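# Understanding the architecture of this molecule
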Amino acid sequence: MAEQIGEVNTVFKLIGPDHKIVVEAYDDPRVAGVTCHVSRAKTGGISGALGIAEDKAEASIACRQVGPISFTQPLPQQEEVFSERLSVLFKKLRIVRIVDRKRNTLVYLTYSDRLIDGSPKNSITAVPVDRSTPIPVK
């Protein structure tokens, strides 16, 4: 689950919450010591207040080492580590972790998809892991 750590209003709405950009923190559940911060648009107004608005398919991600990195178990080469609904039925924000074995680096990609038509808008970040701690891969 995401932890919202901040927000800024972008459009004033007379009725319902304003449109905003939210910043959320996600701790990688399988990699201790790595946190991803994601900024994304959140639709306000009446539809936003009722939870039926569809948020824009735009997000930015930055993942960093925030403590000693350790692994609870071997990681898949590629794995979806977080997802969050951006609309009632059709759209999700996804964060995928990809292991770059050659460079001993964890690469995180964020994008959104729809049931019918996804978006090519995406953002990527990488967390290098010290060579003395090889990343265990399944």
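Below or above, wherever it landed, is the structure these notes cover.

A contiguous nonpolar surface patch, about 510 Å² in accessible area, is contributed by F12, L14, I15 and I46. As for its placement among the helices and strands, L14 is situated in the loop between β1 (3-11) and β2 (19-27). In this structure L14 comes out as exposed when scored by relative accessible area, which is 75%.

Under the counting rule described, the total for this entry stands at 1 aromatic pair. Taken together, a centroid distance of 4.7 Å and an interplanar angle of 45° make the contact between Y26 and F82 tilted. On the criterion of sequence distance, the pair formed by Y26 in strand β2 and F82 in strand β5 (residues 78-85) is long-range, its members being 56 residues apart. With relative accessibility at 10%, the residue F82 sits in the buried group.

In this structure, V31, F71, I95, L106, Y108 and I135 are the most contacted members of the largest nonpolar core, which totals 21 residues. Mapped onto this core, the elements with two or more residues apiece are β3 (31-42), β4 (59-71), β5, β6 (91-100) and β7 (105-114). Dropping the residues within four chain positions of it, L106 is found in contact with V31, V34, F71, L75, R97, I98, V99, T125, A126, V127, V129 and I135.

Going through the model one piece at a time under the given rule, you end up with 7 salt bridges. The salt bridge involving E79 is made with R97; its shortest N-O contact spans 2.8 Å. Residue E79 is found in strand β5, and its partner R97 is found in strand β6; the two are separated by 18 residues along the sequence. In this pair, the class of E79 matches that of R97, namely buried. Between D100 and R103 there is a salt bridge whose closest N-O contact spans 3.1 Å. Connected through salt bridges with shared partners, the residues D28, R30, E79 and R97 form a single ionic network.

Below, the discussion takes up the state of the cysteines. Counted according to the given criterion, the structure contains 1 disulfide. Through a disulfide, C36 is tied to C63; the S-S separation comes to 2.0 Å. Taking the torsion about the sulfur-sulfur bond, which here is approximately 105°, the covalent link between C36 and C63 counts as right-handed. One end of the pair, C36, is in strand β3; the other, C63, is in strand β4, with 27 residues separating them in the sequence. Judged by its relative accessible area of 0%, C36 is buried.

What counts as what
- Residue numbering note: each chain is counted from 1, following its sequence as written.
- Only residues with pLDDT of at least 70 are given local features in this predicted model, and only at 80 or more are side-chain atom pairs given and counted; all residues enter the totals for whole chains, interfaces and linings.
- Each side-chain value is worked out from all heavy atoms of the structure, with water and hydrogens disregarded.
- Like-charged residues within 9 Å of one another, or nonpolar side chains (Val, Leu, Ile, Met, Phe, Trp, Tyr) within 5 Å, are grouped into patches, provided each residue has over 30% relative accessible area and no salt bridge.
- Note on areas: these come from Shrake-Rupley sampling with a 1.4 Å probe, and a residue is covered only by the protein chains present in the view.
- Here, a salt bridge means any side-chain nitrogen of Lys or Arg that lies within 4 Å of a carboxyl oxygen of Asp or Glu.
- Put simply, DSSP marks the helices as runs of H or I at least four residues long and the strands as runs of E at least two long, and each gets a number from the N terminus on.
- Throughout this description, buried means an accessible area under 20% of the type-specific maximum (1.4 Å probe, protein chains only), exposed means over 50%, and partly exposed covers the range between.
- Stacked, tilted and edge-to-face are the three classes applied to pairs of Phe, Tyr and Trp rings, where Trp contributes its six-membered ring and a pair requires centres within 6.5 Å; stacked means planes under 30 degrees apart, edge-to-face means over 60, and tilted covers the rest.
- Buried residues of nine kinds, namely Ala, Val, Leu, Ile, Met, Phe, Trp, Tyr and Cys, make up a nonpolar core once their side-chain atoms join them within 4.5 Å.
- The contact criterion used is simple: two residues touch if any of their non-hydrogen atoms lie within 4.5 Å.
- Here, two cysteine sulfur atoms that lie within 2.5 Å of each other are counted as a disulfide.

Remember, this is a structural readout, not a statement about activity or role.
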